[in-house]
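Letter by letter, the chains look like this.
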Amino acid sequence: MKVMVVAGARPNFMKIAPVVAELERRGHETVLVHTGQHYDTSMSQSFFDDLGIRPPDHFLGVGGGSHAAQTARIMERFEPVLLEAKPDWVLVPGDVNSTLGASLVTVKLKTQLGTQLAHLEAGLRSHDWRMPEEINRVLTDRCSDLLLTPSRDAHANLAAEGIDEDRVHFVGNVMIDTLLLRLDAARERDYAGTLGLERDGYVAATLHRPSNVDEAGPLRVCLEALARIAEKMPVVLPMHPRTRQRAEAFGFGDLLSGITATEPLGYLEMLSITDGARVMLTDSGGLQEETTVLGVPCVTLREQTERPITIEQGTNRLAPWPLTVDGIIASFEEALAQPRRPVGENCPEGWDGRASERLVGALESVRMPAVAVGA
Ligand code: UD1
(Lines give C-alpha, C1' and ligand atoms only; values in the text may rest on other atoms or scores of the structure.)
Protein backbone atom coordinates (compact mmCIF):
# COMPACT_ATOMS: atom_id res chain seq x y z
CA MET A 1 0.00 0.00 0.00
CA LYS A 2 1.32 3.43 -0.93
CA VAL A 3 0.20 6.27 1.36
CA MET A 4 0.88 9.94 0.76
CA VAL A 5 0.84 11.85 4.06
CA VAL A 6 0.36 15.61 3.82
CA ALA A 7 1.32 18.05 6.57
CA GLY A 8 1.82 21.79 6.55
CA ALA A 9 1.25 23.52 9.86
CA ARG A 10 2.52 23.04 13.39
CA PRO A 11 -0.43 21.06 14.80
CA ASN A 12 -0.13 18.54 11.95
CA PHE A 13 3.33 17.33 12.84
CA MET A 14 2.56 15.57 16.13
CA LYS A 15 -0.37 13.83 14.38
CA ILE A 16 1.57 12.48 11.42
CA ALA A 17 4.67 11.38 13.38
CA PRO A 18 3.25 8.15 14.88
CA VAL A 19 1.26 7.35 11.75
CA VAL A 20 4.26 7.56 9.41
CA ALA A 21 6.26 5.45 11.88
CA GLU A 22 3.51 2.80 12.05
CA LEU A 23 3.03 2.71 8.26
CA GLU A 24 6.76 2.21 7.75
CA ARG A 25 6.97 -0.37 10.57
CA ARG A 26 4.35 -2.41 8.70
CA GLY A 27 6.28 -2.15 5.44
CA HIS A 28 4.03 0.29 3.59
CA GLU A 29 5.45 2.83 1.18
CA THR A 30 5.02 6.40 2.42
CA VAL A 31 5.39 9.65 0.54
CA LEU A 32 5.68 12.60 2.91
CA VAL A 33 4.59 16.01 1.63
CA HIS A 34 5.22 19.22 3.60
CA THR A 35 3.27 22.11 2.10
CA GLY A 36 5.39 24.78 3.85
CA GLN A 37 2.34 26.57 5.29
CA HIS A 38 4.48 26.95 8.41
CA TYR A 39 8.13 27.56 7.61
CA ASP A 40 10.01 29.12 10.55
CA THR A 41 12.37 26.65 12.22
CA SER A 42 10.47 27.04 15.48
CA MET A 43 7.12 26.29 13.79
CA SER A 44 8.26 23.38 11.63
CA GLN A 45 11.81 21.90 11.57
CA SER A 46 12.09 21.79 15.36
CA PHE A 47 9.06 19.45 15.39
CA PHE A 48 10.65 17.17 12.81
CA ASP A 49 13.78 17.07 15.00
CA ASP A 50 11.96 16.50 18.32
CA LEU A 51 9.62 13.88 16.89
CA GLY A 52 12.16 12.06 14.72
CA ILE A 53 10.14 12.61 11.52
CA ARG A 54 12.23 11.93 8.44
CA PRO A 55 12.75 14.78 5.94
CA PRO A 56 9.76 15.24 3.62
CA ASP A 57 9.95 13.78 0.11
CA HIS A 58 8.35 16.97 -1.23
CA PHE A 59 8.48 20.47 0.23
CA LEU A 60 6.01 22.77 -1.52
CA GLY A 61 7.17 26.05 0.06
CA VAL A 62 3.76 27.75 -0.04
CA GLY A 63 4.36 30.14 2.92
CA GLY A 64 1.82 32.64 4.24
CA GLY A 65 -0.81 34.78 2.58
CA SER A 66 -4.56 35.27 2.51
CA HIS A 67 -6.69 32.16 2.81
CA ALA A 68 -7.39 32.22 -0.91
CA ALA A 69 -3.77 32.74 -1.93
CA GLN A 70 -2.42 30.16 0.49
CA THR A 71 -5.01 27.49 -0.35
CA ALA A 72 -4.63 28.10 -4.08
CA ARG A 73 -0.83 27.77 -3.88
CA ILE A 74 -1.18 24.54 -1.92
CA MET A 75 -3.50 23.16 -4.62
CA GLU A 76 -1.32 24.25 -7.54
CA ARG A 77 1.84 22.81 -6.04
CA PHE A 78 0.29 19.63 -4.66
CA GLU A 79 -1.39 18.54 -7.91
CA PRO A 80 1.74 17.59 -9.89
CA VAL A 81 3.16 15.75 -6.88
CA LEU A 82 -0.01 13.67 -6.58
CA LEU A 83 -0.18 13.02 -10.33
CA GLU A 84 3.37 11.71 -10.29
CA ALA A 85 3.12 9.56 -7.15
CA LYS A 86 -0.34 8.00 -7.77
CA PRO A 87 -0.69 6.67 -4.21
CA ASP A 88 -3.45 4.37 -2.99
CA TRP A 89 -4.30 6.84 -0.24
CA VAL A 90 -3.79 10.50 0.54
CA LEU A 91 -3.95 11.02 4.31
CA VAL A 92 -4.66 14.54 5.56
CA PRO A 93 -4.64 15.50 9.26
CA GLY A 94 -6.58 18.15 11.12
CA ASP A 95 -8.25 21.30 9.88
CA VAL A 96 -5.67 23.72 8.49
CA ASN A 97 -5.58 25.21 4.99
CA SER A 98 -3.12 22.50 3.89
CA THR A 99 -5.71 19.87 4.85
CA LEU A 100 -8.38 21.39 2.66
CA GLY A 101 -6.09 22.25 -0.26
CA ALA A 102 -4.75 18.70 -0.53
CA SER A 103 -8.25 17.24 -0.10
CA LEU A 104 -9.76 19.24 -2.96
CA VAL A 105 -6.96 18.22 -5.31
CA THR A 106 -7.26 14.56 -4.35
CA VAL A 107 -11.02 14.26 -4.69
CA LYS A 108 -10.94 15.99 -8.09
CA LEU A 109 -8.34 13.53 -9.38
CA LYS A 110 -10.03 10.48 -7.91
CA THR A 111 -11.67 9.25 -11.10
CA GLN A 112 -8.40 9.63 -12.99
CA LEU A 113 -6.02 8.16 -10.38
CA GLY A 114 -8.20 5.96 -8.17
CA THR A 115 -6.49 7.54 -5.14
CA GLN A 116 -8.68 7.62 -2.06
CA LEU A 117 -8.75 10.31 0.60
CA ALA A 118 -8.56 9.63 4.34
CA HIS A 119 -9.12 12.35 6.94
CA LEU A 120 -7.34 11.98 10.25
CA GLU A 121 -9.31 13.79 13.00
CA ALA A 122 -12.62 13.67 11.16
CA GLY A 123 -15.97 14.72 12.57
CA LEU A 124 -14.98 17.47 15.03
CA ARG A 125 -17.34 20.45 14.89
CA SER A 126 -17.37 23.83 16.59
CA HIS A 127 -20.60 24.71 14.70
CA ASP A 128 -19.03 28.13 14.19
CA TRP A 129 -18.84 28.82 10.49
CA ARG A 130 -16.78 31.98 11.11
CA MET A 131 -13.77 29.80 11.98
CA PRO A 132 -11.63 28.96 8.96
CA GLU A 133 -10.89 25.60 10.60
CA GLU A 134 -14.61 24.71 10.70
CA ILE A 135 -14.89 25.31 6.96
CA ASN A 136 -11.78 23.21 6.39
CA ARG A 137 -13.10 20.34 8.54
CA VAL A 138 -16.57 20.18 7.05
CA LEU A 139 -15.36 20.32 3.45
CA THR A 140 -12.55 17.83 4.05
CA ASP A 141 -14.97 15.37 5.64
CA ARG A 142 -17.35 15.82 2.69
CA CYS A 143 -14.54 14.98 0.24
CA SER A 144 -13.14 11.99 2.18
CA ASP A 145 -13.61 8.31 1.44
CA LEU A 146 -12.49 7.31 4.92
CA LEU A 147 -13.20 9.40 8.01
CA LEU A 148 -10.97 8.52 10.95
CA THR A 149 -12.41 9.90 14.18
CA PRO A 150 -10.59 10.79 17.42
CA SER A 151 -13.62 10.52 19.74
CA ARG A 152 -17.14 9.06 19.65
CA ASP A 153 -18.91 12.45 19.59
CA ALA A 154 -17.55 12.91 16.07
CA HIS A 155 -19.81 10.08 14.84
CA ALA A 156 -22.99 11.93 15.80
CA ASN A 157 -21.73 15.06 14.03
CA LEU A 158 -21.05 13.12 10.83
CA ALA A 159 -24.37 11.25 11.00
CA ALA A 160 -26.17 14.60 11.36
CA GLU A 161 -24.55 15.70 8.08
CA GLY A 162 -25.76 12.56 6.33
CA ILE A 163 -22.32 10.97 5.95
CA ASP A 164 -22.59 7.22 5.41
CA GLU A 165 -21.41 5.43 8.56
CA ASP A 166 -19.57 2.82 6.48
CA ARG A 167 -17.00 5.52 5.68
CA VAL A 168 -16.47 6.43 9.35
CA HIS A 169 -13.93 4.58 11.54
CA PHE A 170 -13.20 5.28 15.18
CA VAL A 171 -9.43 5.22 15.76
CA GLY A 172 -8.84 7.51 18.77
CA ASN A 173 -6.40 10.34 19.19
CA VAL A 174 -3.06 9.91 17.41
CA MET A 175 -1.67 13.08 18.98
CA ILE A 176 -1.89 11.32 22.33
CA ASP A 177 0.26 8.49 20.91
CA THR A 178 2.96 11.12 20.44
CA LEU A 179 2.42 12.66 23.86
CA LEU A 180 2.68 9.36 25.74
CA LEU A 181 5.74 8.35 23.73
CA ARG A 182 7.57 11.63 24.37
CA LEU A 183 6.50 12.56 27.90
CA ASP A 184 9.58 11.10 29.61
CA ALA A 185 11.88 12.89 27.16
CA ALA A 186 10.03 16.17 27.78
CA ARG A 187 10.39 15.72 31.53
CA GLU A 188 14.10 15.03 31.12
CA ARG A 189 14.49 18.11 28.93
CA ASP A 190 12.78 20.11 31.76
CA TYR A 191 12.46 23.29 29.76
CA ALA A 192 10.18 24.74 32.46
CA GLY A 193 13.02 24.29 34.96
CA THR A 194 15.46 26.15 32.72
CA LEU A 195 13.09 29.15 32.86
CA GLY A 196 13.14 28.93 36.65
CA LEU A 197 9.56 27.64 36.81
CA GLU A 198 8.64 25.09 39.46
CA ARG A 199 6.24 22.24 38.76
CA ASP A 200 2.69 23.31 39.73
CA GLY A 201 4.00 26.78 40.52
CA TYR A 202 3.16 28.62 37.29
CA VAL A 203 0.49 29.23 34.66
CA ALA A 204 1.03 28.46 30.96
CA ALA A 205 -0.86 30.29 28.22
CA THR A 206 -1.10 30.33 24.43
CA LEU A 207 -3.01 32.66 22.10
CA HIS A 208 -3.18 32.59 18.33
CA ARG A 209 -6.82 32.47 17.13
CA PRO A 210 -7.56 35.35 14.75
CA SER A 211 -10.71 36.12 16.80
CA ASN A 212 -8.55 36.70 19.90
CA VAL A 213 -5.44 38.32 18.46
CA ASP A 214 -6.20 40.10 15.19
CA GLU A 215 -8.15 43.01 16.74
CA ALA A 216 -6.81 45.24 19.51
CA GLY A 217 -9.86 44.89 21.82
CA PRO A 218 -9.87 41.09 22.36
CA LEU A 219 -6.08 40.90 22.45
CA ARG A 220 -5.95 43.60 25.13
CA VAL A 221 -8.52 41.71 27.23
CA CYS A 222 -6.53 38.46 27.03
CA LEU A 223 -3.18 40.09 27.80
CA GLU A 224 -4.62 42.19 30.62
CA ALA A 225 -6.06 39.09 32.22
CA LEU A 226 -2.71 37.32 31.93
CA ALA A 227 -0.94 40.37 33.39
CA ARG A 228 -3.32 40.33 36.39
CA ILE A 229 -2.82 36.60 36.90
CA ALA A 230 0.95 37.13 36.72
CA GLU A 231 0.73 39.36 39.80
CA LYS A 232 -0.23 36.20 41.69
CA MET A 233 1.64 33.39 39.92
CA PRO A 234 4.30 33.37 37.17
CA VAL A 235 2.82 33.19 33.65
CA VAL A 236 4.68 31.80 30.64
CA LEU A 237 3.36 32.68 27.18
CA PRO A 238 5.06 31.09 24.15
CA MET A 239 4.07 33.53 21.41
CA HIS A 240 2.83 32.52 17.97
CA PRO A 241 4.27 34.83 15.25
CA ARG A 242 0.75 36.11 14.48
CA THR A 243 0.26 37.15 18.11
CA ARG A 244 3.73 38.68 18.43
CA GLN A 245 3.17 40.75 15.27
CA ARG A 246 -0.21 42.04 16.49
CA ALA A 247 0.93 42.79 20.04
CA GLU A 248 3.81 44.85 18.64
CA ALA A 249 1.58 46.63 16.11
CA PHE A 250 -0.94 47.58 18.84
CA GLY A 251 1.84 48.73 21.21
CA PHE A 252 0.96 46.20 23.93
CA GLY A 253 4.56 45.72 25.11
CA ASP A 254 3.71 47.05 28.59
CA LEU A 255 1.10 44.29 29.09
CA LEU A 256 3.78 41.70 28.45
CA SER A 257 6.29 43.13 30.90
CA GLY A 258 5.21 40.96 33.86
CA ILE A 259 4.88 37.81 31.76
CA THR A 260 7.56 35.41 30.52
CA ALA A 261 6.81 35.76 26.79
CA THR A 262 8.98 33.34 24.80
CA GLU A 263 9.43 32.54 21.14
CA PRO A 264 7.29 29.66 19.78
CA LEU A 265 8.48 26.44 21.43
CA GLY A 266 9.42 23.08 19.99
CA TYR A 267 7.37 20.00 20.84
CA LEU A 268 9.36 18.76 23.85
CA GLU A 269 9.75 22.25 25.28
CA MET A 270 6.01 22.91 25.02
CA LEU A 271 5.16 19.52 26.48
CA SER A 272 7.48 20.24 29.40
CA ILE A 273 5.74 23.59 29.99
CA THR A 274 2.25 22.08 29.72
CA ASP A 275 2.99 19.06 31.91
CA GLY A 276 4.38 21.19 34.74
CA ALA A 277 1.73 23.94 34.66
CA ARG A 278 -0.74 24.41 37.50
CA VAL A 279 -3.27 25.80 35.00
CA MET A 280 -3.28 26.24 31.21
CA LEU A 281 -5.11 29.13 29.50
CA THR A 282 -5.36 28.62 25.75
CA ASP A 283 -7.28 29.05 22.52
CA SER A 284 -5.54 26.04 20.92
CA GLY A 285 -7.45 22.85 20.10
CA GLY A 286 -4.53 20.50 20.68
CA LEU A 287 -3.74 21.86 24.14
CA GLN A 288 -7.30 21.19 25.31
CA GLU A 289 -6.64 17.54 24.47
CA GLU A 290 -3.11 17.40 25.86
CA THR A 291 -4.13 18.93 29.22
CA THR A 292 -6.99 16.42 29.41
CA VAL A 293 -4.50 13.55 29.26
CA LEU A 294 -1.91 15.23 31.48
CA GLY A 295 -4.58 16.07 34.08
CA VAL A 296 -3.76 19.80 34.03
CA PRO A 297 -6.79 22.10 34.59
CA CYS A 298 -7.44 24.12 31.42
CA VAL A 299 -9.36 27.30 30.60
CA THR A 300 -10.27 27.64 26.93
CA LEU A 301 -10.43 31.21 25.67
CA ARG A 302 -13.06 30.65 22.99
CA GLU A 303 -16.80 30.88 22.52
CA GLN A 304 -17.13 27.16 21.90
CA THR A 305 -14.98 24.10 21.36
CA GLU A 306 -14.99 21.40 18.70
CA ARG A 307 -13.59 19.15 21.43
CA PRO A 308 -16.47 19.07 23.98
CA ILE A 309 -15.22 15.73 25.28
CA THR A 310 -12.34 17.62 26.95
CA ILE A 311 -14.97 19.42 29.07
CA GLU A 312 -17.23 16.39 29.69
CA GLN A 313 -14.44 13.99 30.58
CA GLY A 314 -11.34 16.08 30.78
CA THR A 315 -10.04 19.01 32.78
CA ASN A 316 -11.22 21.76 30.43
CA ARG A 317 -13.75 24.61 30.77
CA LEU A 318 -14.77 27.54 28.57
CA ALA A 319 -14.21 31.07 29.87
CA PRO A 320 -17.44 33.15 29.81
CA TRP A 321 -18.08 34.68 26.38
CA PRO A 322 -17.54 37.39 25.27
CA LEU A 323 -14.17 37.32 27.00
CA THR A 324 -13.63 39.91 29.74
CA VAL A 325 -10.71 40.35 32.09
CA ASP A 326 -12.88 39.47 35.11
CA GLY A 327 -14.47 36.50 33.34
CA ILE A 328 -11.08 35.02 32.44
CA ILE A 329 -9.80 35.53 35.97
CA ALA A 330 -12.93 33.90 37.46
CA SER A 331 -12.41 30.83 35.23
CA PHE A 332 -8.75 30.77 36.14
CA GLU A 333 -9.63 30.77 39.87
CA GLU A 334 -12.05 27.88 39.28
CA ALA A 335 -9.34 25.93 37.48
CA LEU A 336 -6.85 26.72 40.23
CA ALA A 337 -9.22 25.21 42.78
CA GLN A 338 -9.32 21.97 40.78
CA PRO A 339 -6.62 19.47 41.74
CA ARG A 340 -4.30 18.07 39.08
CA ARG A 341 -5.31 14.58 37.94
CA PRO A 342 -2.87 11.70 37.40
CA VAL A 343 -1.74 11.31 33.77
CA GLY A 344 -4.22 9.29 31.74
CA GLU A 345 -6.97 9.18 34.39
CA ASN A 346 -10.52 9.21 33.03
CA CYS A 347 -9.30 9.81 29.47
CA PRO A 348 -11.65 9.57 26.49
CA GLU A 349 -11.78 6.19 24.79
CA GLY A 350 -8.92 5.61 22.36
CA TRP A 351 -6.63 8.25 23.83
CA ASP A 352 -4.35 5.43 24.85
CA GLY A 353 -1.19 5.54 22.75
CA ARG A 354 -2.43 3.01 20.16
CA ALA A 355 -4.52 5.15 17.81
CA SER A 356 -1.98 5.03 14.97
CA GLU A 357 -2.07 1.21 15.05
CA ARG A 358 -5.85 1.31 14.67
CA LEU A 359 -5.56 3.97 11.98
CA VAL A 360 -3.15 1.98 9.82
CA GLY A 361 -5.30 -1.10 10.41
CA ALA A 362 -8.29 0.82 9.05
CA LEU A 363 -6.38 1.88 5.92
CA GLU A 364 -5.28 -1.73 5.36
CA SER A 365 -8.72 -3.24 5.79
CA VAL A 366 -10.93 -0.81 3.93
CA ARG A 367 -11.41 -1.33 0.24
CA MET A 368 -13.76 1.34 -1.02
CA PRO A 369 -15.71 0.97 -4.24
CA ALA A 370 -14.14 3.10 -6.95
CA VAL A 371 -17.01 5.55 -7.26
CA ALA A 372 -16.92 9.25 -6.67
CA VAL A 373 -17.86 10.37 -3.16
CA GLY A 374 -21.38 11.72 -3.18
CA ALA A 375 -22.23 9.93 -6.44
C1 UD1 B 1 -2.72 28.01 11.30
C2 UD1 B 1 -4.06 27.26 11.21
C3 UD1 B 1 -4.66 27.11 12.58
C4 UD1 B 1 -3.68 26.47 13.54
C5 UD1 B 1 -2.40 27.28 13.54
C6 UD1 B 1 -1.36 26.66 14.45
C7 UD1 B 1 -5.32 27.61 9.12
C8 UD1 B 1 -6.52 28.29 8.56
N9 UD1 B 1 -5.00 28.01 10.38
O10 UD1 B 1 -2.98 29.32 11.78
O11 UD1 B 1 -5.81 26.30 12.50
O12 UD1 B 1 -4.24 26.43 14.82
O13 UD1 B 1 -1.87 27.32 12.21
O14 UD1 B 1 -0.20 27.44 14.51
O15 UD1 B 1 -4.72 26.81 8.47
N16 UD1 B 1 3.95 32.86 10.44
C17 UD1 B 1 5.30 32.98 10.61
N18 UD1 B 1 6.06 31.84 10.54
C19 UD1 B 1 5.54 30.62 10.31
C20 UD1 B 1 4.14 30.51 10.14
C21 UD1 B 1 3.36 31.63 10.20
O22 UD1 B 1 5.82 34.06 10.81
O23 UD1 B 1 6.28 29.62 10.27
C24 UD1 B 1 3.12 34.09 10.52
C25 UD1 B 1 2.94 34.73 9.17
O26 UD1 B 1 2.84 36.10 9.34
C27 UD1 B 1 1.60 34.20 8.73
C28 UD1 B 1 0.85 34.17 10.06
O29 UD1 B 1 1.84 33.77 11.01
O30 UD1 B 1 1.00 35.00 7.76
C31 UD1 B 1 -0.29 33.23 10.09
O32 UD1 B 1 0.09 31.93 9.62
P33 UD1 B 1 -1.00 30.98 8.92
O34 UD1 B 1 -0.40 29.67 8.56
O35 UD1 B 1 -1.71 31.72 7.84
O36 UD1 B 1 -2.07 30.79 10.06
P37 UD1 B 1 -1.90 30.47 11.61
O38 UD1 B 1 -2.39 31.64 12.36
O39 UD1 B 1 -0.54 29.95 11.92
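This text follows the structure it describes.
Below you will find a few notes about this structure. (Residues numbered from 1 in each chain as written. Predicted model: local features only at pLDDT ≥ 70, side-chain atom pairs only at ≥ 80, totals over all residues. Heavy atoms only, no water.)

So, the nonpolar core
- In this structure, L91, I273 and L359 are the most contacted members of the largest nonpolar core, which totals 56 residues.
- A total of 7 residues in this core trace back to one element, the largest contributor, which is helix α1 (residues 10-25).
- Summarising the domain contributions, this core has at least three residues from each of domain 1 (2-173 + 351-365) and domain 2 (183-337).
- Non-local contacts of L91, meaning those with residues more than four positions away in its chain, are made with V3, M4, V5, V6, V19, A118, L120, L148 and L359.
- Core analysis: the second largest hydrophobic core is formed by 32 residues, L207, A225, L226 and M233 among them. (Core = buried A, V, L, I, M, F, W, Y, C linked by side-chain atoms within 4.5 Å. Buried < 20%, exposed > 50% of the residue type's maximum accessible area, 1.4 Å probe, protein only. Helix = DSSP H or I, 4+ residues; strand = E, 2+ residues; numbered from the N terminus. Domains from an automatic or database assignment. Contact = heavy atoms within 4.5 Å.)

Some thoughts on helix α14 (residues 285-294)
- Summarising burial for α14: 10 of the 10 residues are buried, a large majority.
- If you check which residues of α14 are buried, you get G285, G286, L287, Q288, E289, E290, T291, T292, V293 and L294.
- Positioned one or two residues after α14, G295 has a phi angle of 80 degrees, which is positive.

A word on the pairing of strand β6 (residues 146-149)
- Of the two faces of β6, the one holding L146 and L148 and the one holding L147 and T149 are both buried throughout.
- Judged from the 3 bridges that link them, strand β5 (residues 116-120) and β6 form a sheet pairing that is parallel. Note on β6: the bridge partner recorded for H119 is L147.
- The parallel pair β5 and β6 is bridged by helix α6 (residues 132-143), and the resulting crossover is right-handed.
- Pairing of β6 with strand β7 (residues 168-170), which is carried by 3 bridges, proceeds in the parallel orientation. Within β7, the residue paired with L148 across the bridge is H169.
- For the segment spanning β6, helix α7 (residues 153-160) and β7, crossover handedness is right-handed. (Pairing = 2+ DSSP bridges. Right-handed = clockwise from strand over helix to strand, strands pointing away.)

Considerations on the site of the ligand
- H38, N97, E133, H208 and R242 are the nearest of the 19 residues found near the ligand.
- Coverage of the ligand by the protein chains reaches 88% of its 750 Å² of free accessible surface.
- According to the grid-proximity analysis, the pocket containing the ligand is the largest pocket.
- Elements that contribute at least two residues to the shell around the ligand include exactly α1, α3 (67-85), α6 and α12 (241-249).
- A per-element tally of the shell around the ligand places α12 first, with 3 residues. (Near = heavy atom within 4 Å. Areas by Shrake-Rupley, 256 points an atom, 1.4 Å probe, with all protein chains shown as cover. 1 Å grid on protein atoms, 1.4 Å probe; cavity = no way out; pocket = protein on both sides within 12 Å on 5 of 7 lines; lining within 4 Å. Sits in = over half its atoms within 2 Å of the grid points.)

A word on the environment of L265
- If you trace the backbone, L265 turns up in the loop between β10 (260-262) and α13 (267-276).
- We classify L265 as buried; its relative accessible area is 5%.
- Each C-alpha atom, one on L265 and one on E290, is 15 Å from the other, the two residues being 25 residues apart in sequence.
- Residues within four places of L265 in sequence aside, it is in contact with S42, F47, Y191, P238, M270 and I273.

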